[in-house]
Amino acid sequence: MKRKLLSILLTLCLAFSLLPTAALADEGKDAKVGETEYTTLADAIEAAQDGDTVTLLDDVELTETLSITKAITLDGASHKITGNPSAGKTSFITVKTDGNFTMKNVTILPTSNVEANAAIDLQVKGKVVVDNCVFGAADDTNQFMYNGLEFSQNEAYPMANGTTISNCTFYGGSFRHNFISFYRIAEGATININGNKFLNVNWDTTNAIRVSNYSNVNATINLLDDTYNDHGADANKDYAGLLFFQELSTFNDDFTRLTVNIKNLDTTGAQSNQLFYVYKDSIISTKQPVVKGDSSIEKFFAAKVGDTSYYKTLADAIAAAQGGETVTLLKDIEGCSSLRPAVGSV
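Small disclaimer: the values here were computed from a predicted structure and weren't measured.

### Overview of the overall build of the chain
Assigned secondary structure in the chain consists of three helices and 28 strands. Here the chain holds 346 residues, and 46% of them are scored as buried. When contacts within the chain are restricted to residue pairs at least 6 apart in sequence, long-range pairs at least 24 apart make up 72% of them. When the accessible surface of the chain is totalled, it reaches about 16,300 Å², and 48% of it is carbon and sulfur.

### Description of the packing of aromatic side chains
Across all of its chains, the model carries 16 aromatic pairs by this definition. Considering the side-chain rings of F170 and F179, the 5.5 Å spacing of their centres and the 10° angle between planes classify their relative orientation as stacked. Taking the relative accessible area as the measure of exposure, F170 reaches 0% and is therefore buried. Among the residues examined, F179 registers a relative accessible area of 0% and is labelled buried. Centre to centre, the rings of F179 and F198 are 6.2 Å apart; their planes meet at 20°, and the pair counts as stacked. In this pair, F179 sits in the loop between β14 (169-171) and β15 (180-182) while F198 sits in strand β17 (residues 197-202), placing the two residues 19 residues apart along the sequence. Seen from the ring of Y157, K125 lies directly overhead, with NZ or CZ sitting 5.8 Å from the centre.

### So, unusual backbone geometry
Even without being a glycine, N216 presents a positive backbone phi close to 50°. Secondary-structure assignment places N216 in the loop between β18 (209-211) and β19 (219-224). On the basis of relative accessible area, N216 is assigned to the partly exposed category, the value being 23%. Backbone geometry at D281 places phi at a positive 70°, although glycine is not the residue there. Here D281 is to be found in the loop between β23 (276-280) and β24 (282-284).

### Quick notes on the pairing of strand β9 (residues 118-124)
Burial analysis of β9 places six of its seven residues in the buried class, the great majority of the element. Bridge analysis of β9 against strand β12 (residues 147-151) gives four bridges, and the strand direction is parallel. Looking at the pairing, I120 lines up with L149 of β12.

### Topic: the side chain of N261
Mapped onto the secondary structure, N261 falls in strand β22 (residues 258-263). Given a relative accessible area of 18%, N261 falls into the buried group. Within the structure, the side chain of N261 is placed 2.9 Å from the side chain of N222, a separation counted as a polar contact. Each residue touching N261, except ones within four places of it in the same chain, is listed here: T220, I221, N222, L223, L224 and K292.

### Section: the side chain of N194
Its place among the elements puts N194 in strand β16 (residues 190-194). A polar contact is formed between the side chain of N194 and the backbone nitrogen of L224, at a distance of 3.1 Å. When sequence neighbours within four positions are dropped, the list of residues in contact with N194 reads I165, S166, N167, N222, L223, L224 and D226.

### Concerning the pairing of β22
Pairing between β19 and β22: six bridges, direction parallel. Along β22, the bridge assignment pairs L223 with I262. For β22 and strand β25 (residues 290-293), the ladder comprises four bridges, and the chain directions are parallel. By the bridge assignment, V260 is partnered in β25 with V291.

Calculation rules
- Residues numbered from 1 in each chain as written.
- Predicted model: local features only at pLDDT ≥ 70, side-chain atom pairs only at ≥ 80, totals over all residues.
- Heavy atoms only, no water.
- Helix = DSSP H or I, 4+ residues; strand = E, 2+ residues; numbered from the N terminus.
- Buried < 20%, exposed > 50% of the residue type's maximum accessible area, 1.4 Å probe, protein only.
- Contact = heavy atoms within 4.5 Å.
- Areas by Shrake-Rupley, 256 points an atom, 1.4 Å probe, with all protein chains shown as cover.
- Phe/Tyr/Trp six-rings, centres within 6.5 Å; stacked < 30°, edge-to-face > 60°.
- Lys NZ or Arg CZ within 6 Å of the ring centre and 35° of its normal.
- Pairing = 2+ DSSP bridges.
- Polar contact = N/O pair within 3.5 Å; in protein donor to acceptor, adjacent residues only side chain to side chain.

Right, here's the structure in full:
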């Protein structure tokens, strides 16, 4: 009987001694690839192969720039990446791959100044998907990021068709410049920016989305179900906008080749009276993108053609109208004596 009792006690002791090890198996581990766990996120990324998913097991604090050179998925699993980039003018995270790249379910919150233009530098030939991520924090006023997501200016890495930024939140107090910046888009590509929240945008320094068209391609940008609000000094209100189109003389960007679809936009709390502007040394009224949308954007425009095409001026609307189309005023207009409708337009 004593031997049986001793055997039971030894078995129980062994079981209890093993329990903490099993329960805390991922203690001290930052990330995993499949079921293999790694001490640091950098180690996990180094071990990953193209097509793998690297999943965070805990919040991660960087002590140098995180470099990703593979076509992987980075799944934050609702954790944060904080810390510092490498010394000098470096990004917080750099991604360079000829394949696809996905980042999801993670908060990006540097804890010191990111000196490079890009907090996340994306040199990706394939499709980029950024989903359910948070950039900054609601109570953060440090402006440690200049640009948040910055796609490459290199002609070898245009934004691929199907590139998508969705269900993300960007906090203005964490930025010195733009939340998203892109410069080159693949010919005929559709870029999706859907379900995001662009919050507390300070138009004195910041726009939600900065767009160039260095390669002068035809492309479509969809903004569906997004939220945008802003603030700033009245003196700088001309620089407010969900979108900022910047032409550089070197490339002579043509924004008339870009179609922007904006639907179901929530602008509750927005203080500006425009959604975009085009800039070349100063704000210009030429080379405007084609803007289509719904009633959620009507208050920002002077006129529309049909039910979906919106224009900042009545003159632009009339010039764009084709035979048989209807131009509808959306606000009172002054000085219309020189307007000449196209033949057959109404």
